[in-house]
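Architecture at a glance
Here is what each chain is made of, one letter per residue.
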Amino acid sequence: ACSASNGASLSQGQRTPAAGAVRPTGDAASLKEAVGAPGIGDPDFPADGNGGYDVSHYSLKLSYTPANKHLAGVAAISATALHDLVRFNLDLSGLHVDGVLIDGEPAEFQRSGSELVVKPPRRIGKGEKFTTRVTYSGTPKPVRDSSNLGIYGFVPTSDGAFVVCEPNGAKTWFPSNDHPSDKATFDFELTVPEGLTALANGELVGGPVTAEGKTTFLWRERHPMVTYLATMTLGEFATRTGTTDRGLPNFAATAPRFDGQLDRVFRLSGEITDYWSTIFGPYPFSSTGGVIDDFHTGYALENQTKPMYGGFIPDESIIAHELAHQWFGNSVSIKRWKDLWLNEGFATYAEWLWSEHRGLLTAEQIFTGRLSMVDSPVWSYPPGRAKPDDLFHESVYNRGAMALHALRQRIGDAAFFTLLRTWVRDHAYGHATTDDFVALAERLSGKNLDRLFDTWLFKQGRPRWPERGDAAR
Ligand code: ARG
Ligand code: ZN
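Residues numbered from 1 in each chain as written. Chains lettered and ligands numbered in written order. Predicted model: local features only at pLDDT ≥ 70, side-chain atom pairs only at ≥ 80, totals over all residues.

As annotated in an unreviewed UniProt entry, the chain is Aminopeptidase N from Sinosporangium album. UniProt annotates the chain under Catalytic activity (unreviewed entry) with the comment "Release of an N-terminal amino acid, Xaa-|-Yaa- from a peptide, amide or arylamide. Xaa is preferably Ala, but may be most amino acids including Pro (slow action). When a terminal hydrophobic residue is followed by a prolyl residue, the two may be released as an intact Xaa-Pro dipeptide." In its Sequence similarities (unreviewed entry) section, the UniProt record describing the chain reads: "Belongs to the peptidase M1 family." (UniProt positions renumbered as here; feature names shortened; annotations may be inferred.)

In structure tokens, the structure reads:
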């Protein structure tokens, strides 16, 4: 839920009489207006997400059986119509839809690629809240991307599943508005064979309860979350629950091969979360933690409240990175994928801050070292516009972080850290763009920073640095 125009005064089935806004049903223009677009409007990912409504809550009641890789359950999706709707889409790839109900009444539906097209039994009026209940089942197929994304989405493992969905893999396991510009709260009711553990975002609010060889876990994420951060990772896990030194609930889990890491992941996740809250401002969610699963993806994902590490022992640097994402990416989220440096550049800069905090290389030393790499591929990839065919290019990470360090040099430590804290406070639980960041940096520093951002974010080539007469040092 983000941009819902609040039409709370419209009751069910009532049409808005606003002149020009909605023409009588049957009129071709009106029908077109009343169809939710198949994409939410991200020019780089035109099919991702959907138009016409804004989701406020997902309630996912799912059971999974690793032996036959069968997922079955019900997704209840609460949303508000952004305009009249006679038809709208959800994103869902693979799986079999058994039925769709809207506010309890059967709705017609069709599948078309990764789109689930739903025809409500009656026209939904602009501003109306409605709940879509999709009953579905089947074997989830993860996304296998031949370019730089690897395998993601619902990834079956030998003992369960590793569920890491950035950028658009939520649709591999639940019908959704699968784009970061629509956030919602989540409830998970996950049932798995007895002996296995099912993990999701937020806190355990019920269970585990075992009956007839199956165990059910209830998890709740009470803060808005983008779809790519939702998880239902499951398998054999050792778990540890407690709090950080500052009193925040903390949760760690490790697959058997990483048993020896449970206490370390618990301790470091707590320590780093507490440290970031002194630097970036209050932790935005109700718990923190970390999970190591035994499936090698080669990357980690900052799943909200529970970063997940794909089959490797995370060093402090990557734990610091994934936990910094809780502020940068998870609380303050992007509206369009091309702004991805707002997530990855910031989380990478956090790695540099952590290194300095630990008495290892300083941020300045790391910056200088990277600047001296004349042949680095980052100089030909401006990080301020992440490319859809190479979204997670190292420039988005490292040159994005360099942009922040150049900014810090230019405006000084006091303004820079005030900027980071103001950024996460002003946009907490919401969305922001690169333009918003530039505007805030200029406002707080009182400086014109166009050239600096242009040089670091938008231009090809290795910057001459410090710029003559420009750098503050
Ligand atoms: N956001 C993750 C990180 O920086 C990377 C996710 C990459 N996604 C993928 N499908 N390879 O740690
Ligand atoms: Zn990252």
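Check the secondary structure of the chain and you find nine helices and 23 strands. Since a compact globule built from 473 residues should have a radius of gyration of about 23 Å, the 23 Å found for the chain is in line with a globular shape. Relative to its 473 residues, the chain shows a buried fraction of 46%. Of the contacts formed within the chain by residues at least 6 apart in sequence, a portion of 66% connects residues at least 24 apart. (Helix = DSSP H or I, 4+ residues; strand = E, 2+ residues; numbered from the N terminus. Rg over C-alpha atoms; globule rule 2.2 N^0.38 Å. Buried ≥ 20, exposed ≤ 12 C-beta atoms within 10 Å, placed from the backbone. Contact = placed C-beta atoms within 7 Å.)

Looking now at the packing of helix α3 (residues 316-324) against helix α4 (residues 341-357). Look at α3 against α4: their axes get within 8 Å of each other, and the N-to-C directions meet at 135°. Between α3 and α4, the angle is such that the two are oblique. Of the two possible hands of crossing, α3 and α4 adopt the one that is right-handed. Mapping the contact onto sequence places Glu316, Ser317, Ala320, His321 and Ala324 in α3 and Phe346, Ala347, Thr348, Ala350, Glu351, Trp354 and Ser355 in α4. In terms of residue class, the contact of α3 with α4 is made up of six nonpolar, four polar and two charged. (Axes fitted to C-alpha atoms, helices over the stretch in contact; angles between N-to-C directions. Parallel < 35°, antiparallel > 145°, perpendicular 65-115°, else oblique. Left-handed = near helix turned anticlockwise from the far one by under 90°. Nonpolar A, V, L, I, M, F, W, Y, C, P; charged D, E, K, R; others polar.)

Here we come to the environment of Ala75. Mapping Ala75 onto the fold places it in strand β2 (residues 70-81). Sequence spacing of Ala75 and Ser59 is 16 residues, and the spatial spacing of their C-alpha atoms is 5.7 Å. Residues in contact with Ala75, not counting those within four places in the same chain, are Tyr58, Leu60, Val134, Phe174 and Pro175.

Let us look at the site of ligand 1. Taken together, Leu149, Gly150, Tyr152, Glu166, Tyr299, Ala300, Leu301, Glu302, Glu322, Glu344 and Phe392 are the residues near ligand 1. At the level of secondary structure, the elements contributing two or more residues to the shell around ligand 1 comprise β10 (150-156) and β20 (300-301). Along the lines of polarity and charge, the residues of the shell around ligand 1 split into six nonpolar, one polar and four charged. (Near = placed C-beta within 6 Å.)

Inspection of the secondary structure assignment puts Thr368 in helix α5 (residues 363-371). According to the C-beta neighbour criterion, Thr368 is partly exposed, with 14 such atoms within 10 Å. Sequence-wise, Thr368 and Trp465 are 97 residues apart; in three dimensions their C-alpha atoms are separated by 9.6 Å.

UniProt tags residues 317-456 as "domain: Peptidase M1 membrane alanine aminopeptidase" (unreviewed entry). When the span residues 317-456 is considered, its composition is 61% helix and 3% strand, and the gap between its end C-alpha atoms is 23 Å.

Another aspect to go through is the confidence of the model for the chain. Per-residue pLDDT for the chain has a mean of 93; in total, 92% of the residues score no lower than 70. Taken together, the stretch residues 2-25 has pLDDT below 50 and engages in 38 contacts with residues farther than four places along the chain or on a different chain. Here residues 468-473 is a poorly scored stretch, pLDDT under 50, and it has eight contacts once near neighbours within four places are set aside; other chains count. Reported for the predicted complex are a pTM of 0.93 and an ipTM of 0.98. (pLDDT = per-residue confidence, 0-100.)

As a further point, take unusual backbone geometry. Looking along the chain, the bond that leaves Glu166 and enters Pro167 is cis, with omega of 10°. One can find Pro167 in the loop between β11 (161-164) and β12 (184-193). The omega angle of the peptide bond from Gly207 to Pro208 is 0°, so this bond is cis rather than trans. Note on placement: Pro208 falls in strand β14 (residues 203-211). The backbone of Glu212 shows a phi angle near 50°, a positive value even though the residue is not glycine. Although it is not a glycine, Tyr429 sits at a positive phi angle of roughly 65°. Here Tyr429 lies in the loop between α7 (413-426) and β23 (431-432).

Counting residues in each nonpolar core, the largest one holds 67 residues, and the members touching the most others are Tyr58, Val163, Leu190, Ala198, Met232 and Leu234. Apart from the residues within four sequence positions on either side, Tyr58 is in contact with Ala75, Ile77, Phe174, Ser176, Ala184 and Phe186. Within the second largest apolar cluster, 46 residues are counted, among which are Leu323, Trp327, Leu404 and Phe453. (Core = buried A, V, L, I, M, F, W, Y, C linked by C-beta atoms within 7 Å.)

Spatially, the five strands line up as an open sheet ordered β17-β18-β19-β21-β20, and their pairing is mixed. In this open sheet, the two edge strands, each paired with only one partner strand, are β17 (238-243) and β20. The sheet contact formed by β20 and strand β21 (residues 308-310) spans two bridges and is antiparallel. Within β21, the residue paired with Leu301 across the bridge is Met308. Across the face of the sheet, helix α2 (residues 262-279) comes into contact with β17, β18 (249-254) and β19 (288-293) while running at roughly 145° to β18. (Pairing = 2+ DSSP bridges.)

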